Protein chains: 2
Amino acid sequence: MAMTSLHDLFVHHMKDMYYAEKKLTKALPKMAQKAGDQRLRSAFEEHLKQTEEHVKRLEQVFQQIGEKASSSTCEAIDGIVKEGEELMSEAKQGEAMDAGLIAAAQAAEHYEIARYGTLASWAKMLDMPEAEKILHKTLEEEKKTDEKLSKLAMEQVNRKAA
Amino acid sequence: MAMTSLHDLFVHHMKDMYYAEKKLTKALPKMAQKAGDQRLRSAFEEHLKQTEEHVKRLEQVFQQIGEKASSSTCEAIDGIVKEGEELMSEAKQGEAMDAGLIAAAQAAEHYEIARYGTLASWAKMLDMPEAEKILHKTLEEEKKTDEKLSKLAMEQVNRKAA
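Predicted model only: the values in this text are computed from it and were never measured.

K.L.:
Break down the side chain of Glu83(A) for me, citing the residues and quoting the values.
P.N.:
Turning to its location among the elements, Glu83(A) is positioned in helix 3 (residues 75-90). Not counting residues within four places of it along the chain, the set of residues in contact with Glu83(A) comprises Asp16(B), Cys74(B), Glu75(B), Ala76(B), Tyr111(B) and Arg115(B).

K.L.:
Explain the packing of aromatic side chains residue by residue, including any values.
P.N.:
Residue and element names in this part refer to chain A. All chains considered together, the criterion is met by two aromatic pairs over all chains. Measuring from ring centre to ring centre gives 5.6 Å for tyrosine 18 and phenylalanine 62, while their planes differ by 80 degrees; the resulting arrangement is edge-to-face. Residue tyrosine 18 is located in helix 1 (residues 6-34), and its partner phenylalanine 62 is located in helix 2 (residues 38-64); the two are separated by 44 residues in the primary sequence. Taken as a pair, tyrosine 18 and phenylalanine 62 share a single burial class, namely buried.

K.L.:
Just give me the short version of unusual backbone geometry, but keep the residues and values in it.
P.N.:
All names here are of chain A. Phi at aspartate 127 is positive, roughly 60 degrees, even though this residue is not glycine. Along the polypeptide, aspartate 127 turns up in the loop between helix 4 (95-125) and helix 5 (129-161). Overall, aspartate 127 belongs to the exposed group, its relative accessible area being 64%.

K.L.:
I'd like a description of helix 4 of chain A, backed by residues and values.
P.N.:
Residues and elements named next belong to chain A. Taking 1.5 Å per residue as the helical rise, helix 4 with its 31 residues ought to reach 45 Å, and the 45 Å between its terminal C-alpha atoms agrees with that figure. Buried residues dominate helix 4, accounting for 28 of its 31 residues. Of the residues one or two after helix 4, aspartate 127 is the one with positive phi, at around 60 degrees.

K.L.:
Report on the interface of chain B and chain A, specifying residues and quantitative values.
P.N.:
Taken together, the contact pairs 43 residues of chain B with 43 residues of chain A. With both chains or domains summed, chain B and chain A bury close to 3,500 Å², and 62% of this area falls on carbon and sulfur atoms. Connecting chain B to chain A are four salt bridges. Between Lys82(A) and Glu75(B) there is a salt bridge, and its shortest N-O distance comes to 3.7 Å. The interface formed by chain B and chain A contains 11 residue pairs in polar contact (both at pLDDT 80 or more). If one sorts the elements of the side of chain B that touches chain A by residue count, helix 4 (residues 95-125) of chain B sits on top with 17 residues. The residue inventory of the side of chain B that touches chain A, partitioned by class, reads 23 nonpolar, 10 polar and 10 charged.

Reading the values: rules and limits
- Residues numbered from 1 in each chain as written.
- Chains lettered and ligands numbered in written order.
- Predicted model: local features only at pLDDT ≥ 70, side-chain atom pairs only at ≥ 80, totals over all residues.
- Heavy atoms only, no water.
- Helix = DSSP H or I, 4+ residues; strand = E, 2+ residues; numbered from the N terminus.
- Contact = heavy atoms within 4.5 Å.
- Phe/Tyr/Trp six-rings, centres within 6.5 Å; stacked < 30°, edge-to-face > 60°.
- Buried < 20%, exposed > 50% of the residue type's maximum accessible area, 1.4 Å probe, protein only.
- Expected span 1.5 Å × (residues − 1).
- Buried area = accessible area lost by both parts, 1.4 Å probe.
- Salt bridge = Lys/Arg side-chain N within 4 Å of Asp/Glu carboxyl O.
- Polar contact = N/O pair within 3.5 Å; in protein donor to acceptor, adjacent residues only side chain to side chain.
- Nonpolar A, V, L, I, M, F, W, Y, C, P; charged D, E, K, R; others polar.

Next comes the structure, spelled out in structure tokens:
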């Protein structure tokens, strides 16, 4: 795909995020299943619902810009999820697993924070206030999830693992 | 590698970051070369120097914990760098390229922010105050670089690209 304008870049990165969010809807249930800590399991389950909502929001933005919602392989999220899968196969279930699961989830959150930050700022530049608003809402939710995971790690999981 | 304790996880993620930082020392000169905007090129060149320093700091931490500095393939950074390379081959040089380069660099920054945040918090839990201090210093620098890139994007590059 040739990318000659900011609009092209915007569409390209929308497809990348659409792929990423859908991939995460498949990864999160496995992570919830591996989590030993009940609060961590609940956090993953809650974030799965949010992620399903984020997929729908991306579809709304595609509709607003007159593009069919479609995915483009996102090597970054593939790599992040693969690292998480390796962790799940190699870590011992329990405290070490939980600490590793949080680290994996935060890598995914930060990827999304970077991408939604970029998309929201491009939407603003492209004078698409409705798209910007939607993308910004998701961005704020990803940031909150990241903070929640940090808090869980600090309070409980890491302390038990040490 | 079996990961049964938080210490094992710490060493595993240190190797992952050592690979990631070294990979970025190879990616950044290419990004600087593609950047059309002078301030963006300088930002990449400056961050390259910082990244080389981050490699040395990781070596210090390896030494502190009595481990040989070594790399473990980091699929996440491989994916992030691959996406950046695709962008560089597909985007038109100029404003769209610059906006895309910033997005690619911010994806890398956020990956590092997630990982250094995790490593610093694990170092704290493992009662390694010197390692924590070093990792925290790098974390703060990655956050500053991310902010600088956001500012550059907002002020100049995106405006020109729209």
